[in-house]
Amino acid sequence: MSLLKDFSLSSITAGFVAVLVGYTSSAVIIFQAAAAAGASPAEVASWFFALGIGMGITTIGLSLRYQAPILTAWSTPGAALLVTSLPDVSMPEAVCAFLFSALLITLSGVTGWFERLMKYIPQSLAAAMLAGVLLQFGLSIFQSMQTELLLVCAMFAAYLIGKRLFPRYAILAVLLLGIVLAGFRGMLDFNGFEWQLTQPVLTLPTFSLTAIISIGIPLFIVTMASQNMPGIAVIRASGYQTPISPLISWTGIATLLLAPLGAYALNLAAITAAICMSEEAHPNKNKRYTAALAAGFFYLLTGVMAASVAALMFAFPAELVLSVAGLALLATIGNSLAVAVKDEPAREAALITFLITASGMTLFSVGSAFWGLVAGFIAWNLSKR
C-alpha cells in the first residue's frame, strides 16, 4: 500500500512524457537500423517488442530495488551506428555482434571498472554535461514557435500559469492542452492505426568475427560513452547515490537475453531519465522513483503492442512533443547550470564541458557528451596545476 501512496498524477504524467519523448525522438532510427539489416515487418516489430520489454523490466526492477528513478533506454547513437554498419550483414550475424557488445557491457558492470572511472568526474563537470545534453530540448520550445506559434505559445502560457497555481500538475496541463489544441486544428494523424499484439521473432546468432569487430566493439564503445556515461551523470547530478555497477550489469544481462529477439543495446537513459528525476515528477525526491515505475509500465505496453504504439506515438505533431519535453526539463536545466558554475575554480572547465556537449559534435562515432567530459576533465586538471 505504501507503494501506491507514493504515486501521484504528476509522476505518472512524467513517466508517460518520458516514454513519449523517447519513442517520438528516435524510434525512426530503430526502423532504419532494422531495415538496414534486411528485417521483415515482423522482425522490425520484434525489435520494438524486445526493446520495450527489456526497458520495462529493467526500469521497474532497478527502480524498485534502489527506490530511485532509474530509467533505461535503447542506445540511440548505437542505432545510428547500425544504420551504416548493417547493410552488408545478415540478421544472424548482427545478433552475434549484439551479443558480443552486451557481454562487454556486462563485464564492465561486474568488474566495477566503469564505476571507478566515473568517481573521478567532478560534480560540476557532470552537471555541465547534463545541461549541455538537455539544452537543445529547452531551445526547441522556442524554435517550435516558428512553425506552430499558437500551439506552442498556448502551451508555454499554460506552463507559466500552472507553475504558479498547481505546480505538481503543470506538465499534465500542458500536455492535455496541447493534445486538445492539436486535435481542434487537425494535427493528430491516426490514419492506419489499429491495436494488435506483437509476435516476437527469434533469430539465432551466427558467429562472425567481422561483425564482432566492425559492429560489436563499436556498438559497445558508443553505448558506454554516449549513453551510459551521460546516464550516470544524470543520476549523480540529480542527487542520487545509487551504485552504478549493478545498473550497468543488468542492462548488459537484459541485452544478452533479448538480443535474439532484436534488443541490440539497452543502457541507462539520460534525457528521459531527467524528466523522471525533475521536481515536476514529484516534489518529494524520495518518491520520484514512481515516475520511473510508470515509465516502465508504459515501456511494457509499447513492447506488447509495439507496432500499434509506435503508430500512436507518431500521431502527435513534433512541435507538441518537443515543447512538452522542453518545458518538463526547464527546472533540471536551470539546476544543472547552477551546480556547474557554483565552484569558481572549476567554472571554466565546466563551461568547456557544457559548450562541447551542447554543440552536438561527433568524432569517431562517439557523441559530444563524451568529448565534453574528456575536454572538461583535462581543463580541470590543468587548472589545478
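What comes next concerns the included structure. Computed from a predicted structure; not experimentally measured.

### Notes on the overall build of the chain
Thought 1: If you tally the helices and strands in the chain, you get 17 helices and two strands.
Thought 2: Whereas a compact globule of 385 residues would reach a radius of gyration of roughly 21 Å, the chain reaches 20 Å, a difference of no more than 12%.
Thought 3: Its C-alpha atoms give the chain principal-axis dimensions of about 60 × 60 × 45 Å.
Thought 4: Each of the 385 residues in the chain was classed as buried or not, and the buried ones make up 56%.
Thought 5: Taking the average location of the 16 positive side-chain charges in the chain and that of its 14 negative ones, the two points are 17 Å from each other.

### Comments concerning empty space enclosed by the protein
Thought 1: The tally for this structure, following the rule as stated, stands at two cavities of 30 Å³ or more.
Thought 2: Estimates place the volume of the largest cavity at around 70 Å³.
Thought 3: What lines the largest cavity is a set of twelve residues, and nearest its centre among them are Ser10, Ala14, Ile171, Glu280 and Ala281.
Thought 4: Ranked by residue count, the leading element in the lining of the largest cavity is helix α2 (residues 9–36), at three residues.
Thought 5: Of the residues that constitute the lining of the largest cavity, the class distribution is seven nonpolar, three polar and two charged.
Thought 6: Volume-wise, the second largest cavity comes out at about 50 Å³.
Thought 7: Glu43, Ser46, Trp47, Met91, Val95, Phe98, Val201, Thr203, Ala259, Pro260, Leu261 and Gly262 are the residues that line the second largest cavity.
Thought 8: Among the secondary structure elements, those contributing two or more residues to the lining of the second largest cavity are α3 (41–66) and α5 (91–111).
Thought 9: Looking at the lining of the second largest cavity residue by residue, the classes come out as eight nonpolar, three polar and one charged.

### Looking at the environment of Trp47
Thought 1: Its location among the elements puts Trp47 in helix α3.
Thought 2: Exposure remark for Trp47: the relative accessible area of 3% places this residue in the buried category.
Thought 3: The residues contacting Trp47, other than those within four sequence positions of it, are Ile30, Ala33, Ala34, Leu86, Met91, Phe98, Leu261, Gly262 and Tyr264.

### Some points on the nonpolar core
Thought 1: Membership of the largest hydrophobic core comes to 119 residues, with the highest contact counts inside it found for Trp47, Leu71, Trp74, Leu86 and Tyr264.
Thought 2: It is α2 that contributes the most residues to this core, twelve residues altogether.
Thought 3: Setting aside its immediate chain neighbours within four residues, Leu86 contacts Ala33, Ala36, Ala37, Trp47, Ala94 and Ile215.

So, how was this worked out
- Residues numbered from 1 in each chain as written.
- Predicted model: local features only at pLDDT ≥ 70, side-chain atom pairs only at ≥ 80, totals over all residues.
- Heavy atoms only, no water.
- Helix = DSSP H or I, 4+ residues; strand = E, 2+ residues; numbered from the N terminus.
- Rg over C-alpha atoms; globule rule 2.2 N^0.38 Å.
- Buried < 20%, exposed > 50% of the residue type's maximum accessible area, 1.4 Å probe, protein only.
- Lys, Arg positive; Asp, Glu negative; His and termini not counted.
- Charge placed at Lys NZ, Arg CZ, Asp CG, Glu CD.
- 1 Å grid on protein atoms, 1.4 Å probe; cavity = no way out; pocket = protein on both sides within 12 Å on 5 of 7 lines; lining within 4 Å.
- Points joined across faces, edges and corners; volume = space filled by probe spheres on them.
- Nonpolar A, V, L, I, M, F, W, Y, C, P; charged D, E, K, R; others polar.
- Contact = heavy atoms within 4.5 Å.
- Core = buried A, V, L, I, M, F, W, Y, C linked by side-chain atoms within 4.5 Å.

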